[in-house]
Amino acid sequence: AQRVTQPEKLLSVFKGAPVELKCNYSYSGSPELFWYVQYSRQRLQLLLRHISRESIKGFTADLNKGETSFHLKKPFAQEEDSAMYYCALRGIYNQGGKLIFGQGTELSVKP
Amino acid sequence: EPEVTQTPSHQVTQMGQEVILRCVPISNHLYFYWYRQILGQKVEFLVSFYNNEISEKSEIFDDQFSVERPDGSNFTLKIRSTKLEDSAMYFCASSDPRQRTYEQYFGPGTRLTVT
């Protein structure tokens, strides 16, 4: 089965606190994992992908194949990080293929 | 920066009516997609389109749905006879296989309300 699970619907933290948004996946082949973000009244946009191993806006995510996880982390949350975050995957050899999304986690960063 | 555009932003229709949702993908992109998100649920894939034909479709994409690229710029999703459960946010996306990343760029969505 191909599935992405984000166990938290809402994560609320204070500014400056560390953040971890959890993502677990199930995929029979080799997956490519992504985090998409949707700020209020804006479109879905790519935040980062596991293959690039980048840090974007202070966020990082490491693919853990043993635990089938791709958690999103940031050491010090900022108020502007408040948004919906979606974990997604597709087949690594199917780059024109569909994205499979998780339910999304709403991150709320309080002042 | 080029963006995917979608019209209308909100469409209200009665059950049984046909609707056409319109998308203008990013120029020179070659892969086109439709996704939908029912309120409170996850974003779900509907269909992908490449080289003037459907390349993949989900179980949701039954005979009531069709896609078309009527000209060089538009990409449309038609629902022939809408049902209440078709009420959702519909997102169009496009990607360029000549970009190494194959990143999918999303439109702002069309909110479809079926009454």
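Numbering of residues starts from 1 in each chain and follows the order in which that chain's sequence is written. All chains are assigned letters beginning with A, and all ligands numbers beginning with 1, in the order in which they are written. Predicted model: local features are reported for residues with pLDDT of at least 70 only, side-chain atom pairs are reported and counted for 80 or more only, and whole-chain, interface and lining totals are derived from all residues. Excluding hydrogens and water, the side-chain figures rest on all heavy atoms present in the structure.

### Focus: the sheet that holds strand E8 (residues 75-79) of chain B
Residue and element names in this part refer to chain B.
Then comes step 1: Reading across the sheet, the 4 strands line up as E1-E3-E8-E7 and stay open at both edges, with antiparallel pairing between neighbours. Where the open sheet ends on each side, the last strands, each with one partner, are strand E1 (5-7) and strand E7 (65-68). Between one strand axis and the next, the sheet turns by 20° as a mean value, whatever way the strands run.
Then comes step 2: Should DSSP find at least two bridges between two strands, the strands are regarded as paired. For the purposes of this entry, the term helix denotes a DSSP run of H or I that reaches at least four residues, the term strand denotes a run of E that reaches at least two, and both are numbered from the N terminus. As paired elements, E7 and E8 share 4 bridges and run antiparallel to each other. Paired with Phe65 across the strands is Ile79, a residue of E8. Note on method: axes are straight lines fitted to C-alpha atoms, helices fitted across the in-contact stretch only, with angles between N-to-C directions ranging 0 to 180 degrees.

### Here's the deal with the pattern of salt bridges
Then comes step 1: Only one rule defines a salt bridge in this text: a Lys or Arg side-chain nitrogen within 4 Å of an Asp or Glu carboxyl oxygen. Under the criterion given, the structure shown has 10 salt bridges over all chains.
Then comes step 2: The closest approach of N and O atoms between Glu44(B) and Arg36(B), which form a salt bridge, is 3.4 Å.
Then comes step 3: The buried category is assigned to Arg36(B), whose relative accessible area is 9%.
Then comes step 4: Through salt bridges that share partners, Glu20(A), Lys22(A) and Lys73(A) make up one connected network. Each residue is placed in one exposure class: buried if its accessible area under a 1.4 Å probe, protein chains only, is under 20% of its type's maximum, exposed if it is over 50%, and partly exposed if it falls in between.

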